[in-house]
Amino acid sequence: SAVISQKPSRDICQRGTSLTIQCQVDSQVTMMFWYRQQPGQSLTLIATANQGSEATYESGFVIDKFPISRPNLTFSTLTVSNMSPEDSSIYLCSVYSGARTDTQYFGPGTRLTVL
Amino acid sequence: SQQGEEDPQALSIQEGENATMNCSYKTSINNLQWYRQNSGRGLVHLILIRSNEREKHSGRLRVTLDTSKKSGSLLITASRAADTASYFCASGTYKYIFGTGTRLKVLA
């Protein structure tokens, strides 16, 4: 399975600021995803990070609020822009392992608190 | 909502008992995955069942899938206090939609 790291692991931010979360994978992967997990809730898919093209966003999520970069097959960033307390969540990146094992593996998450 | 449903939302059992969690999903899938999450930490992949399978076992885990009903289940046998966690199903093809989750508490 892929080894996935995220930075930062946690942060406390002020309202109106932006935070960029990094996701690094130890091998090249075709598909990377970003999820949000609000307190006490399940995971909600934000977007698919596409290498070399714009990310594909799920309903309810927009590029202006959650810009995503995917410069290569091992790295992606998610920015949470103009933050409000409602953005306080755990943000997780994940990778798809491919058709053989057909599994999605997750990073440890970034716990964001917005004051 | 993009999420699937799981029930029960919370389950409290004694050590040694079995725990059953049910999952329903909305779209066509290649497989149904199950994950465990301890106290808001990272997700651990438990087991996958493919759309052409009906039942699968791995250690103390047994999963079922009924694609005609768009539903599946996870059974943990002989539960232990260390099984206390939240459990999520995830359905899809390469992109997965998560269920609402079941919070399992196993009492020693």
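Data block above holds the structure.
Residues numbered from 1 in each chain as written. Chains lettered and ligands numbered in written order. Predicted model: local features only at pLDDT ≥ 70, side-chain atom pairs only at ≥ 80, totals over all residues. Heavy atoms only, no water.

> For this particular structure, what's the right way to read the nonpolar core?
Note on soluble globular proteins: their nonpolar side chains tend to be buried together. Residues and elements named next belong to chain A. Counting 25 residues, the largest nonpolar core has Trp 34, Ile 46, Phe 66, Ile 68, Leu 78, Tyr 91 and Leu 112 as the members making the most contacts within it. Counting only elements with at least two residues in this core, the list comes to strand E3 (19–25), strand E4 (32–37), strand E5 (43–49), strand E8 (75–80), strand E9 (89–96) and strand E11 (110–114). Broken down by element, this core gets its largest block of residues, 4 residues, from E3. Residue contacts for Leu 112: discarding those within four places in its chain leaves Asp 11, Cys 13, Leu 19, Val 80, Met 83, Asp 87, Ser 88, Ser 89 and Tyr 91. (Core = buried A, V, L, I, M, F, W, Y, C linked by side-chain atoms within 4.5 Å. Buried < 20%, exposed > 50% of the residue type's maximum accessible area, 1.4 Å probe, protein only. Helix = DSSP H or I, 4+ residues; strand = E, 2+ residues; numbered from the N terminus. Contact = heavy atoms within 4.5 Å.)

> Honestly, the interface of chain A and chain B in this entry has me stumped. Any pointers?
Many analyses report the size of an interface as the accessible area lost when the parts associate. Taken residue by residue, the interface counts 24 residues in chain A and 22 residues in chain B. Each partner contributes to the roughly 1,700 Å² buried at the junction of chain A and chain B, and carbon and sulfur atoms together form 49% of this total. Among the residues chain A hides against chain B, the three largest losses belong to Ser 42, Leu 43 and Asp 102 of chain A. Together they make up 28% of the total. In this structure, the connection of chain A to chain B is made through 2 salt bridges. Across the pair Lys 95 of chain B and Glu 58 of chain A runs a salt bridge whose closest N-O atoms are separated by 2.9 Å. Counting across the interface, chain A meets chain B through 9 residue pairs in polar contact (both at pLDDT 80 or more). Sorting the residues of the side of chain A that touches chain B by element identifies E4, E5, E9 and strand E10 (104–106) of chain A as the ones contributing at least two each. Split by residue class, the side of chain A that touches chain B holds 11 nonpolar, 9 polar and 4 charged. (Buried area = accessible area lost by both parts, 1.4 Å probe. Salt bridge = Lys/Arg side-chain N within 4 Å of Asp/Glu carboxyl O. Polar contact = N/O pair within 3.5 Å; in protein donor to acceptor, adjacent residues only side chain to side chain. Nonpolar A, V, L, I, M, F, W, Y, C, P; charged D, E, K, R; others polar.)

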